[in-house]
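The residues making up each chain are set out below.
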Amino acid sequence: MSPSVRHGGPGSCAGAFFVLAVMMAAACGHTQRPERKTYVVSEDVRGVGRAEGAGTGGSGAEAYCGELQKQCFQKCWRRKPTVQDMEKHSESHHRLCTSQCLEAFMKCLKEQEALEQGAKRELHFPDMAVALEWLREHKSEVALGTVVVVAGVAFAFVVAPAGLLVLSPI
């Protein structure tokens, strides 16, 4: 080793700075895992899992299927009716489109319900701040018991004995 490196010459400062910069970049390059403690989402449990819908725990199935129904109706309404002697945009054409698309809506709801029963309810977030903010804004869409994974740590969306809505580590 040369004497300039041992005694803090110009070469040693550049090397030390490089090592320090790499260490700092590596430390900030990953998400911090949340502590395994209980986090309060809300002091009020009212409205949890009560999004308007078909009782699917706030999964959004009715909104999704409603959008499909709307698109179905628009597509049907733009096309010539499949029934002979029915005029396009007539009252009977409107009833036909309504009926066909209501059937599609009901089928979609049944499919979504079957999917929900077979699927695990899990939400994933990169960090606790994002998870808490989202859950506070969307608590009516989330059912109690939902698993919330934050930076690889699993929590359950539950009611604490004091009546608080919390994320509790699993």
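Refer to the preceding data block for the structure.
My aim in this report is to walk through the structure given alongside it, one point at a time.

Parameters at a glance
- Residues numbered from 1 in each chain as written.
- Predicted model: local features only at pLDDT ≥ 70, side-chain atom pairs only at ≥ 80, totals over all residues.
- Heavy atoms only, no water.
- Disulfide = S-S within 2.5 Å.
- Helix = DSSP H or I, 4+ residues; strand = E, 2+ residues; numbered from the N terminus.
- Buried < 20%, exposed > 50% of the residue type's maximum accessible area, 1.4 Å probe, protein only.

### Concerning the state of the cysteines
Counted according to the given criterion, the structure contains three disulfides. Each sulfur of the disulfide joining cysteine 72 and cysteine 101 lies 2.1 Å from the other. Sign of the S-S torsion, about -80° for the bond between cysteine 72 and cysteine 101, identifies this disulfide as left-handed. With cysteine 72 in helix α3 (residues 61–78) and cysteine 101 in helix α4 (residues 91–118), this residue pair connects regions lying 29 residues apart in the sequence. For cysteine 72, a relative accessible area of 24% puts it in the partly exposed group. You can call cysteine 101 buried: its relative accessible area is 1%. Two residues, cysteine 76 and cysteine 97, share a disulfide whose sulfurs are 2.0 Å apart. Judged by the torsion about the S-S bond (-80°), the cysteine 76/cysteine 97 disulfide is left-handed. Taken as a pair, cysteine 76 in helix α3 and cysteine 97 in helix α4 lie far apart in primary sequence, 21 residues in all. A single burial state applies to cysteine 76 and to cysteine 97, both of which are buried.

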